[in-house]
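Now for the letters of each chain:
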Amino acid sequence: MSGAERPRILLATANQGKLRELRAILADVPVELVGLDDAGPGPPPRVEETGRTFLENALIKAHAYAAWAGLAAVADDSGLEVDALGGAPGVRSARYAGPASSDQENLDKLLRELAGVPPQRRGARFRCAAVLADPDTRREWHAEAAWDGRIVGPPRGSNGFGYDPVFVPDGWDRTSAEVDAATKDAASHRGRAFRTLRPAIQAWAAERTSCDRASAANADFHAGCSTQPSAVITRRAAGPSMP
């Protein structure tokens, strides 16, 4: 299939680290992948993450950006849960230190909150919910995954972003910022969620291509091109963290 025949799909993020990660995971999917800076009629809208869970936020973002761009959109929401902090920062991971806080500010606040907490009480996990939303058919697909580990300090490594420099996955002796991108992607919560969602994206791409070809030939759409909403498909990634 040539690039011109590939349906376009929006990766709903402007975070360059996340774009690199998601594009690598979806590299073999027959779609044209575009980021927020390359889609839509103008600058992307600011989408308020008002959900109480990662899945609710991912759904909000996927549907909002799909409507804005007129493209099927893949969005995720992810964050860190720390046992000693009652699950915080949770859905507020990206704005833990304030609405416009930087990664460093969030990291600094986390370590301040954990000052004096012994290593055995620093259990934590990254969680990710990923969503594919199609604005034409009004269908959506979900996948969720978690990555267990513990929080250490001071920060170590420069290959990650967010809380990576203080997160040591179970079975590892390095933080997720001290390994190369391929190693992290193979084990991470986001990598697992998107690999679990990838078959749905592949099926969507095959269906969309078939619909587009039928439309170009002035043929009737098959049932899969219906604009009626369908049941939500939800999958959870499973399996232990990679060492």
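Residues numbered from 1 in each chain as written. Predicted model: local features only at pLDDT ≥ 70, side-chain atom pairs only at ≥ 80, totals over all residues. Heavy atoms only, no water.

## Considerations on the side chain of E140
Part 1 of the reasoning: Relative to the helices and strands, E140 is located in strand β5 (residues 139–151).
Part 2 of the reasoning: At 2.6 Å, the side chain of E140 and the side chain of H63 are in polar contact. (Helix = DSSP H or I, 4+ residues; strand = E, 2+ residues; numbered from the N terminus. Polar contact = N/O pair within 3.5 Å; in protein donor to acceptor, adjacent residues only side chain to side chain.)

## Here we look at the nonpolar core
Part 1 of the reasoning: Residues I9, V74, L132, L197, I201 and W204 are the most contacted members of the largest nonpolar core, which totals 23 residues.
Part 2 of the reasoning: Looking at this core, the elements that each hand over two or more residues are β1 (8–11), α1 (16–25), β3 (72–82), β4 (123–134), β5 and α5 (189–216).
Part 3 of the reasoning: In terms of residue count, α5 provides more of this core than any other element does, 7 residues in total.
Part 4 of the reasoning: By size, the runner-up hydrophobic cluster in this structure holds 21 residues, among which are V34, A58, A62 and A66. (Core = buried A, V, L, I, M, F, W, Y, C linked by side-chain atoms within 4.5 Å. Buried < 20%, exposed > 50% of the residue type's maximum accessible area, 1.4 Å probe, protein only.)

## Looking at the pattern of salt bridges
Part 1 of the reasoning: Scanning all chains against the criterion turns up 16 salt bridges.
Part 2 of the reasoning: Among the salt bridges present, the one from E48 reaches R46, with a minimum N-O distance of 3.3 Å.
Part 3 of the reasoning: Relative accessible area serves as the criterion here: at 68%, R46 is assigned to the exposed category.
Part 4 of the reasoning: Overlapping salt bridges bring together E81, D83, R125, R127 and D148 as one network. (Salt bridge = Lys/Arg side-chain N within 4 Å of Asp/Glu carboxyl O.)

## Considering the environment of A146
Part 1 of the reasoning: In this structure, A146 sits in strand β5.
Part 2 of the reasoning: Taking the C-alpha atoms as reference, A146 lies 6.4 Å from C128; in sequence the two are 18 residues apart.
Part 3 of the reasoning: Not counting residues within four places of it along the chain, the set of residues in contact with A146 comprises F126, R127, H189 and R192. (Contact = heavy atoms within 4.5 Å.)

## Digging into the pairing of β4
Part 1 of the reasoning: Of all 12 residues making up β4, 11 are buried, and the element is well covered by its neighbours.
Part 2 of the reasoning: As paired elements, β3 and β4 share 10 bridges and run antiparallel to each other. Residue L80 lies in a different strand from β4, and its bridge partner there is F126.
Part 3 of the reasoning: Linkage of β4 to β5, two consecutive antiparallel strands, is achieved through a turn of 4 residues, within which R138 is found at a positive phi near 60°. (Pairing = 2+ DSSP bridges.)

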